[in-house]
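A look at the structure
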Amino acid sequence: MRTLVTLAALAGMVAFAVVLARLTLEASPASVPLTRSNLIPGRSIGNYLHQPGFVETVKQLGGNIVLGVPFGILLPLLSRKTRGFLRVALVTAATMLLVELVQGALVTGRAFDIDDVFLNTTGALLGYVLVGRRLGRAVRPRTRPRWWKRRPDGSSA
């Protein structure tokens, strides 16, 4: 059963990678004059929150959060080592930072935006807290007792 779930999670990650690439790494030549890189945390989020178009704001901010959710669900299923709030945050942030760097450097009409990394990581953490943590524990239960339940001689309490 564990192998089947791991294979399904791996297939999910591949599918997610394809969707992520299609959404973020496709050229947009018409957007070239409009794109600007953002290295200041919060700038893009603030700009979206202060613009009059509510639907566009929800689409941009919500879309970036939703885009990160699969990481928070699938990472704990792939490996016990990628389970945990901090680990999910670090792996997601590193992956999304790489995507943003490639997008900003190599894709026409796209720009690097640090806020996208934060929003994607927030989505992954939401996915982890709401679903991924429980699924990860169900599929890959702890094999060693927690450090506070171990005896000084190394045996379990």
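Nothing here was measured: the structure is a model prediction, and the numbers come from that model.

Digging into a nonpolar patch on the surface
On the surface, F85, L126, V129, L130, V131 and L135 cluster together into a nonpolar patch covering about 500 Å² of accessible area. In terms of residues, the nonpolar patch owes the most to one element, helix α5 (residues 114-139), which gives 5 residues. Along the chain, the position of L130 falls in helix α5.

Here's the deal with the environment of A89
By secondary structure assignment, the location of A89 is in helix α4 (residues 85-106). Considered as a pair, A89 and A124 are 35 residues apart in the sequence and their alpha carbons are 7.1 Å apart.

Considering the packing of α4 against α5
In the contact formed by α4 and α5, the axes pass within 9 Å of each other and the chain directions differ by 145 degrees. Judged by the twist between their axes, the crossing of α4 over α5 is right-handed. Residue-level inspection shows F85, V88, A89, T92, A93, M96, L97 and E100 of α4 in contact with α5, the latter providing I114, D116, V117, N120, T121, A124, L125, Y128 and V129. In terms of residue class, the contact of α4 with α5 is made up of 12 nonpolar, 3 polar and 2 charged.

Conventions used here
Residues numbered from 1 in each chain as written. Predicted model: local features only at pLDDT ≥ 70, side-chain atom pairs only at ≥ 80, totals over all residues. Heavy atoms only, no water. Patch = residues over 30% accessible without salt bridge, like charges linked within 9 Å, V, L, I, M, F, W, Y side chains within 5 Å. Areas by Shrake-Rupley, 256 points an atom, 1.4 Å probe, with all protein chains shown as cover. Salt bridge = Lys/Arg side-chain N within 4 Å of Asp/Glu carboxyl O. Helix = DSSP H or I, 4+ residues; strand = E, 2+ residues; numbered from the N terminus. Axes fitted to C-alpha atoms, helices over the stretch in contact; angles between N-to-C directions. Left-handed = near helix turned anticlockwise from the far one by under 90°. Contact = heavy atoms within 4.5 Å. Nonpolar A, V, L, I, M, F, W, Y, C, P; charged D, E, K, R; others polar.

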